[in-house]
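Report on the structure
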Amino acid sequence: MKEANMTFPVSMGALLQADLQEDAQYRDDGLCVVGVFGKSSTMQPGPQKETILNNLADKHIFSLFDDGPEDGNIRAFYHQETRVLYLLLSSVCDSRQLLLACESLSAGAAHSDAHDVWTGLDRQHCLHLLYLFSVCHVLLLVHPNQTFDVTHDRLFRALDALRQKVLPLIRAAIKDCPVSKEWKVNCRPCPPRLLFVFQMNGSLKVSANGSESGGNPDKPKKHSPRRRLQHALEDQIYRIFRKSRVLTNQSSNCLFTVPANQAFVYVIPAADEDPVGSLLGQLRSNCALLEPDSTPVVSGPRRYQQMRRSARQPGCGGDPASVLMGGQLVDCSLKEFLWQHVELVLTKKGFDDSVGRNPQPSHFELPTYSKWVQVASKLHQVLVGDAEEEIVELASKVQGQLKVLEGFLDADTKFSENRCQKALPLAHSAYQSNLPHNYTTTVHKNQLAQALRVYSQHARGVAFQRYALQLHEDCYKFWSNGHQLCEERSLTDQHCVHKFHLLPQPGEKTDMDRNPPILNHNSRGRSTSSCNCGRKQAPREDPFDVQAANYDFYQLLEEKCCRKLERIEFPVFQPSTPDPAPAPACNQAQEPPSEAPALASVSGEAEQLKEPSTAQSHTPADTSLSLALSLGQSTDSLGPYGDGEGTETQVQKRPSLVDRQPSTVEYLPGMMHSGCPKGLLPKFSSWSLVKLGSAKSYNCHTGLEQPGFLPGSSFLLPWDLVIRSRSEEDSTGQTEPLDGGSSSWPAPNKTLVGKRGSTGGLGRSRRRDDVARIFVGFEYEDVRGRRFISCGPDKIVKVLGPGGAKDPATRVLNTDMPLYVPSPSQGRGLKSHFAQLTRLFVVVPDAPLEVTLNPQVQPGPPPCPVFHPEQTDLVLPPDGFWVLRFPYSYSTDRGPCYPPKENQPLNNHKVLRAILKATTANPPPP
């Protein structure tokens with residue numbers, strides 16, 4: 001900008017960066033800076049701030065429909081001839097800026113987000129005002145009506161507090177500027193004088209002659225109603241500011257001053273015509289052609305004096321109230337009102353606004369334009385605009401001092417904080433009500449939800465979310481400070497009753513005094529279980545890991561009971577390194593249990609897949625499965641032996657070489673199931689297979705002589721298998737599959753073969769040892785140690801007289817047996833108890849039979865895997881009373897399979913059929 005006069009307003013940043021070339025005759029003259037701020041509304045009649053400045057400069061400078069510069073909220077116009085620089089501040093107090101701010105907010109903005117936006121705008125407005133109060137001599141506060149807004153009192157007190165905070169920072173910014181020491185110390189050319197401009201609305205219109213309605217026209221009062229209103233507003237404003245200590249006796253200590261003997265309030269009278277007509281009238285007056293003035297044009301000081309005299313002429317500015325009436329003083333115009341204060345600045349008299357007994361004179365300096373620009377530029381960088389590198393730190397420190405404004409301007413936040421602070425103790429009480437000393441995460445979340453409900457009933461405002469987070473943190477601290485219950489659940493889905501603790505390391509003792517304490521898990525749940533063979537019962541703690549559930553407890557009882565019994569050991573992991581590592585978790589999709597193949601054993605059957613049910617098998621190897629063998633079948637139903645098929649089937653079923661050697665470096669962390677990778681073994685076996693004695697050690701008339709059985713429920717079920725003697729075989733010693741086909745089942749309504757008195761009695765050439773009897777029993781045991789044998793999925797063996805169980809074992813072998821059944825003797829409580837399948841008793845006779853054991857358990861609904869021992873298809877030696885102990889709990893690498901709840905179906909937890917199969921074998925050679 002190199003023009004001598006500005007023809008249009010510019011932003012403050014553009015003015016400070018421009019190279020304005022002043023005329024030589026004005027270069028050394030002083031400069032008066034007038035700032036204009038306040039509120040404006042397009043909904044109320046009356047001139048806007050832009051119109052007021054246009055009247056003061058006698059030019060159409062500011063447009064009424066301009067939204068302001070994009071690079072700042074302060075616009076400047078320098079009238080070089082009058083040596084006055086006008087600064088106009090636009091903010092959200094103006095209706096147009098408020099509308100733009102509302103449009104910038106998104107439609108879905110939360111209440112707290114919108115409040116943050118308005119708070120940021122208020123802080124920006126305060127910084128702009130502080131800048132005006134630091135660079136201006138005279139300030140005009142414009143208000144759209146004739147009532148003083150008392151919120152300005154709080155605003156000025158906030159500005160004064162902020163100025164005291166940032167004063168050292170401003171001093172550091174302008175310390176090198178070519179101004180006086182007083183200016184550098186006080187950070188302003190003088191204590192600015194604040195003038196108030198109000199606009200009279202339609203409710204306080206006065207008549208054209210200035211008389212009051214209802215008054216006596218013969219005795220007019222000395223002052224007009226508008227002037228009396230001005231005096232009343234001056235008294236009110238002065239009392240308010242003196243009460244709040246915004247104005248004090250010493251003007252140098254105040255944010256601004258007001259004159260003691262001059263008017264500082266001006267009321268613009270209301271226009272008679274409507275706003276549209278007023279705008280049209282201004283448009284016509286601006287477009288009219290004026291006759292050239294015959295007054296010779298003068299320059300220099302004479303021109304300035306001429307303009308001052310024209311400014312004092314009555315009626316200047318089109319004020320209709322500036323009329324001399326009989327006995328009344330003439331009301332001055334707005335330009336005259338302002339110019340009497342500007343003259344004190346331009347004549348270097350300054351403002352002597354201190355009052356009291358010992359008034360202290362305040363400093364005053366009238367700078368040239370170039371000096372003022374240097375100071376204003378530094379202050380603009382620190383308070384408003386982008387700072388240079390050397391004062392970036394000062395600008396950031398100024399931003400850090402804006403917190404002092406919160407106590408003055410943010411009344412909503414202050415009210416909200418007070419409400420939320422009162423609601424917090426109520427919420428804390430709601431959280432701690434009816435709480436046990438230690439509780440779980442679920443209880444904590446429920447109590448926290450209740451506390452938040454109580455909090456939301458009382459808390460209000462923008463601080464709601466912040467104090468809600470504080471409530472969340474307080475409740476969490478209360479819970480974690482000695483009230484947190486151990487979150488570990490036992491394998492029976494029971495919580496540990498201890499508070500949060502650590503588990504002891506191997507060889508470490510428990511310590512209750514440490515924080516957190518070192519303890520083992522305990523759910524205070526106790527049950528009674530039997531040993532591997534079932535001959536001894538003992539109480540047990542609720543287990544929390546698979547080893548304690550399926551291995552450690554039985555090892556303790558084995559020392560007292562089962563240690564000397566013959567057994568079949570399942571293969572386990574044998575490490576070849578001192579620090580073996582667990583195998584990574586497998587993530588293998590499981591098939592439905594009806595189609596899930598049983599994993600082959602490690603000892604040679606890793607690649608053979610067999611269907612659980614023989615009725616669905618089609619391969620020759622599967623024809624050896626026989627689960628539906630009838631009791632005492634007729635010899636006529638026996639089919640011919642296959643020509644060598646039985647021997648080939650046995651060779652395919654049990655190969656002598658393993659397909660893959662088990663790993664000696666990685667072990668299986670859980671139990672064996674259908675989803676485990678091949679070639680991995682666990683450190684211990686969760687299954688047990690022991691031999692109680694020979695086949696004759698079981699007496700079918702007395703049943704099992706073991707503790708805990710319900711009366712009459714300890715009898716095993718008979719399973720009669722038809723075999724051939726050597727002398728009557730038509731084949732050459734080959735094995736015959738007892739597949740349960742049509743030739744193996746008895747005809748309907750036919751008396752069982754082998755019984756005396758049967759209609760189709762035995763021939764004289766048939767021997768009585770054609771039928772071999774196997775005894776089978778599925779034992780269930782509940783948590784109280786009560787045991788019973790089941791003869792079907794929903795039936796318990798009940799033998800009242802001698803003779804043993806009458807129900808055949810075909811029913812339990814041809815169906816999926818449930819893993820859990822309701823206990824027949826429930827307790828007094830409402831909670832039902834379940835009995836779990838724990839053992840399978842098998843009595844193998846001394847006969848040419850080969851009985852194969854292949855247990856498969858699915859302890860949950862799909863996609864729960866199928867569990868099996870480490871070795872499948874075990875051949876039970878003849879003449880033995882064998883006991884297979886099932887795992888107490890089932891667990892994978894993803895976690896335990898919990899027992900069913902009361903409202904869950906039991907048919908999803910089952911032992912798959914095909915657990916036993918039998919084939920005829922060659923008798924030993926003579």
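Residues numbered from 1 in each chain as written. Predicted model: local features only at pLDDT ≥ 70, side-chain atom pairs only at ≥ 80, totals over all residues. Heavy atoms only, no water.

**What to know about the nonpolar core**
- Membership of the largest hydrophobic core comes to 100 residues, with the highest contact counts inside it found for Met12, Phe37, Leu87, Phe156, Phe196, Phe256 and Trp372.
- By residue number, the principal contributor to this core is helix H5 (residues 151-173), which donates 10 residues.
- Other than its neighbours up to four places away in sequence, phenylalanine 156 contacts Phe37, Phe133, Leu141, Leu194, Phe241, Val246, Leu255 and Phe256. (Core = buried A, V, L, I, M, F, W, Y, C linked by side-chain atoms within 4.5 Å. Buried < 20%, exposed > 50% of the residue type's maximum accessible area, 1.4 Å probe, protein only. Helix = DSSP H or I, 4+ residues; strand = E, 2+ residues; numbered from the N terminus. Contact = heavy atoms within 4.5 Å.)

**Describing the sheet that holds strand S7 (residues 265-268)**
- In space, the seven strands of this open sheet follow the order S1-S3-S4-S2-S5-S6-S7, with mixed pairing throughout. Across the chains shown, the open sheet's two edge strands, defined by having one partner strand only, are strand S1 (10-11) and S7.
- Across five bridges, the pairing between strand S2 (residues 32-38) and strand S5 (residues 138-143) is parallel. Along S5, the bridge assignment pairs glycine 38 with valine 142.
- Here helix H4 (residues 111-135) sits on the sheet and contacts S2, strand S3 (74-79), strand S4 (84-89) and S5; the angle it forms with S4, its principal contact strand, is near 165°.
- Set on the sheet, helix H10 (residues 334-346) makes contact with S2, S4, S5, strand S6 (193-199) and S7; between it and S6 the angle comes to about 175°. (Pairing = 2+ DSSP bridges. Axes fitted to C-alpha atoms, helices over the stretch in contact; angles between N-to-C directions.)

**Overview of the sheet that holds strand S27 (residues 909-911)**
- Read from one edge of the open sheet, three strands run S18-S27-S22, paired in antiparallel fashion. Where the open sheet ends on each side, the last strands, each with one partner, are strand S18 (817-818) and strand S22 (857-859).
- Sheet analysis places S18 next to S27, joined by two bridges and oriented antiparallel. Bridge assignment links methionine 817 to a residue of S27, and that residue is valine 911.

**What about the pairing of strand S20 (residues 834-844)?**
- Here S20 lies mainly inside the structure; 10 of its 11 residues are buried.
- Looking at chain direction, strand S15 (residues 771-781) and S20 are connected through seven bridges and run antiparallel. Bridging across to S20, glutamate 781 finds its partner in glutamine 836.
- As paired strands, strand S19 (residues 820-822) and S20 are joined by three bridges and run antiparallel to one another. Paired with tyrosine 820 across the two strands is glutamine 836, which belongs to S20.
- Sheet topology note: the S20/strand S24 (residues 880-885) ladder contains six bridges and is antiparallel. For phenylalanine 841, the partnering residue across the bridge sits in S24 and is valine 883.

By themselves these figures say nothing about function.
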